[in-house]
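A closer look at the structure
Each chain is listed here by its residues.
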Amino acid sequence: MARAKAKGSRETAAAATQTTGQAGGRYSNLRPVFSTDSKYCFIATRTSVHVCNLAASAVVRQLHLDQPVTAFFLDPANLYRLVVITLDGGLTVFDWTDGALLETRTLQGDRVHFAAVNTAGTIIWSDGLSIHASSETEDTEVAEFADALGIVIVGERVNVWRAGGFITLSLEGTKATASSTTTFSGTAFQFAASQRHWAWADNTGVIHVAETDQSIARRLHWHASAVTALDFALDGEYLLSAGAEGVLVLWQLATTEKQFLPRVSPRGIDLLCVSPDSRSYAVKLDDNTFKFINAADLAQHAEIAGVRYEGNKLIACAAGSETAPVLLLGNGSEIQTWDLILGRSSSRTPIAPRTYAGKRPGGYRANEPYVVAHCAVGDGDDAWIVTSDVWQPPNEDLPSYGLARPSHDCQMKFFSRRQAQSADAAYTIVTRVDFPHGHSVVSQLLPLSSNSVLSVAQDGSMKFWHLRKGTWVCTRQLSLFMGAHKVKAALSRDRSLLAVHAREQTHLVDMATGVVKHVICQLGLGKKLVNLGFVGDRLLVLLGARKLVCYDLLRRENLWGLLMPQDSQRMHLAVSSKGNRFAVAIDSTPTTGKLFIWDAHTPKPTYREKVSKTLALVCAGSEIIQITADLRVCRYGGARVPALADAKGAPALLPAEDDGLSVHYRAAVPIESKEVPADMTKPVAHQRLQAIFDGSGTDALEKLEKFMALTLGG
C-alpha cells in the first residue's frame, strides 16, 4: 500500500488527550484476526484494536483511532502491517509489532460500513448502498447492493450478503463481475462461506447449508432460538454454530454428526471465528470476554477479558499499592480484579452460583440469586475483600415467600487472598453473614485497617467488623440515626474522624471516643447526597443533588460552593485524600457526560473534559479512575493534574462565553470571594484530625452511647 501523508487531525487528537492511561473497552462484534502462526489475535473495540498474546492471555498493545472501527485485517503484502478502516473512510496502517503508525489515507466515500481484503490486496467495502473496490491507485464502484450485512472473501470469490440473499463477485483488479446471485428461503441472520459450501441461519435456529455447485440447501437444526454465530473449519469439512444457549456445536458436514461444547457461556455466544489453520476457535461471550478453544481437544487455552458489565450497577474500589494499583469491580455475581498498570483483567472471584439456563424466551436473563451491591478491600493491600450482596425475589414469586411487597435479602461475604486454593479464583470465602443489619440493607462498606471494616446500613446503623483467628466478627455497633434512610459516611485519612450524613445534616464523630464533635447543617445540598469524602487533612467535600460544597473543618466554614446542573441524569464523586483533589462526573445524556477535577482550595476546576457516560468513578492513590459506559478504564492525573491553560487543544466543556463552572453555576454559599489564606497550604500533619475540634469553645454533643471504641489492633 502506498505511503500517504498522515492526517493532522489524528496528531491533534493525540496531543489533546489528557489521560495518563486508557485500557479496556467493550469488544465489538467485528471478526477477530489471527496472525499467521496463530500466536497473536487482534480484537476491536469501538475506537481501538487490541493486540493479544494468546500464550500469556494478555493485551500487549492497543492501537487507538479517532473514529469507530468498521474493519481491520493484515496486509497481504506484509503480514506485520495491520490495516484499520474507520467509519469516516479513513485507512490507517500500523506496524502491530511495535505500534508504530506507518501511513494513513482516505477511501473514496464518506462512510464505510464494513470491508474485507483479498489476496491481491484489493479492499472490498460497502457504504450501505453500493459495493466498492479500492487499490493503491483507484477506487471503483463495482455493484449496487443496498442493505448489505457483510462481506466474506474465500479465495478469489467475494460473497456479499444481506438478509434476503447474497451475490458472488469475481474480481480482476478493481473490476468485478457478478458470477451468481442466491436468494435465501427465509431471512438470514448469519452467513458463512468456504471453498465448497455456503451456510446461513435464520431466527428460528435452522441452519441452511448448500454446496457451491448446487442450488438445493439441506437443513441442520439443533438450536432452540436464533443462531448468533457461524463459521467453517478445515476447508469446509466442519461447520461451527453458536446461539443464546451458550453451547458451541460442531457439525461434521459429511455425516451431519454433531459434537457439543456445553457451558461455554452462561448467557450466550455473540461471535465465533476459526483461525486460518483451523487449530483454534475464538469465541466472544456476551460478558465482554473472548475465549480461545483448542480444536484438538476443545479445551480453553487462552482468555482475553475486558471489563465485565451485565447491566447492573457497577461497583468499583481501588486496592493495591502506589506502584501496583488494582481495581476491584463488582458486577452481577462476581468480583473482577483489574490491573491498572498492565491494563487487563487479572482475576475473577465468583460471589454467587452461576446459571447456565441462558436467556428466557422473551429475551430476559435468568435471575441470579445474589448480586454484588458494595465491596471494600484492605487499605494498601488486597489480602481481603468484603462484599455486600442483595437479592430481591421476582414480584410474581412474592406470595410463595410470604411477602406482601418487594423486599431485599442481604449477605456480607469476607474473602481472603492468603487462603486461595487456585489461580482461577484469586480469593476464597472465609466468612458469610446473613442479614448483617437485620432487615436493613447494607448501603456502604468502609475499610478501616488491615483487619477491620465498617458497614453502614440504610437505617443508619453501623457495625465494626474485625478479623479474629481467621473469622470475621462484629465487635461494636452504633445507631446514629434511628430510622434514617440512605445514610452516607466517610473516614478521614488518619481514621480518627467519621463523617456521617443523613437527614440533611453531617455529623463528625470522634472514632476514639464515640463523641459527635460537630454538626454541619444548612448547606443547601438538596434532598439527596450523592457522596462525601475528606480531602487532605482539613477539608470535607460534599456533593448533593443541588450543590457541591467544600467545607473547611479547621475554620468550620464553607470554603466555597457551586450549584450543580439540575438536568443531569446522574453524578459521581471521587475524593483523593493523598492527592488533595477530587473529581465529579456528570452524566448529561444517556451516552455522554462531563468530567471535572478540582484542587480543593479553589472553586475553578483544574481539568475538564467531555467524556462518555460514567459507570463508576474512584481514586487509586493520587489518580482519578473513570470506568465509562463503553467499558474503558481511563486514568487521570498522577503526580499532577494539568491545568486548563497547559492543556493545548483540550475540548471546551462549556460555551466560550462561560469560564467553567465557577461562572456558569453561581456561588451557592453566603460567603464573599476571598484569597486563600497562606496557612491553608500547610497540611495538618502532626495531629489527629479529630483534635482540631478539641479545646475551649467546642460544640461537641452528648455522647451517643456509653462508649464506642474502634480497636484497630483486633
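Presented here is a report on the structure given in the accompanying data block.

1. Considering the sheet that holds strand β27 (residues 280-285)
Spatial ordering of the open sheet is given by β26-β27-β28-β29, a layout of four strands whose pairing is antiparallel. Edge positions in the sheet fall to β26 (269-274) and β29 (300-305), since each has one partner strand and no second. Here the strands of the sheet are splayed against their neighbours by 20 degrees on average, with no regard to which way each runs. Judged from the six bridges that link them, β27 and strand β28 (residues 289-294) form a sheet pairing that is antiparallel. Bridged to Leu 285 within β28 is Thr 289.

2. Quick look at the packing of aromatic side chains
Scanning the model with the defined rule gives 21 aromatic pairs in all. Pairing Tyr 607 with Tyr 636 gives two aromatic rings, centres 5.7 Å apart and planes at 50 degrees, and the pair type is tilted. Of this pair, Tyr 607 sits in strand β53 (residues 607-612) while Tyr 636 sits in strand β56 (residues 632-637), and the two are 29 residues apart along the sequence. One exposure class covers both Tyr 607 and Tyr 636, and it is buried. Through pairs of rings, three or more aromatic residues link up here, namely Trp 161, Phe 166, Phe 184, Phe 191, Trp 198 and Trp 200.

3. Description of the pairing of strand β20 (residues 206-211)
When you tally the buried positions in β20, you get five out of six residues, the bulk of the element. Bridging between strand β19 (residues 197-201) and β20 involves five bridges; their strand directions are antiparallel. Considered in β20, the bridge of Trp 198 is made with Ala 210. Where β19 folds back on β20, the antiparallel hairpin that results is connected by four residues, among which Gly 205 adopts a positive phi of roughly 95 degrees. Two elements, β20 and strand β21 (residues 218-221), share four bridges in a ladder whose sense is antiparallel. Paired with Val 206 across the strands is His 221, a residue of β21.

4. Comments concerning the sheet that holds strand β35 (residues 384-391)
Spatially, four strands are ordered β34-β35-β36-β37 in an open sheet, and the strand pairing comes out antiparallel. The sheet is open, and its two edges are formed by β34 (371-377) and β37 (428-434), each paired on a single side. Neighbouring strand axes in the sheet, compared pairwise and without regard to direction, differ in orientation by 20 degrees on average. Of the strand pairs in this sheet, strand β36 (residues 409-416) and β37 are connected by six bridges, and their pairing is antiparallel.

5. Quick look at unusual backbone geometry
In this structure, Leu 234 is a non-glycine residue whose phi angle is positive, near 55 degrees. With respect to the helices and strands, the residue Leu 234 is situated in the loop between β22 (227-233) and β23 (238-243). Residue Leu 234 is classed as partly exposed on the basis of its relative accessible area of 40%. Positioned with a positive phi, Asp 235 is a non-glycine residue whose angle comes to about 55 degrees. Among the structural elements, Asp 235 can be located in the loop between β22 and β23.

Conventions and cut-offs
Residues numbered from 1 in each chain as written. Predicted model: local features only at pLDDT ≥ 70, side-chain atom pairs only at ≥ 80, totals over all residues. Heavy atoms only, no water. Pairing = 2+ DSSP bridges. Helix = DSSP H or I, 4+ residues; strand = E, 2+ residues; numbered from the N terminus. Axes fitted to C-alpha atoms, helices over the stretch in contact; angles between N-to-C directions. Phe/Tyr/Trp six-rings, centres within 6.5 Å; stacked < 30°, edge-to-face > 60°. Buried < 20%, exposed > 50% of the residue type's maximum accessible area, 1.4 Å probe, protein only.

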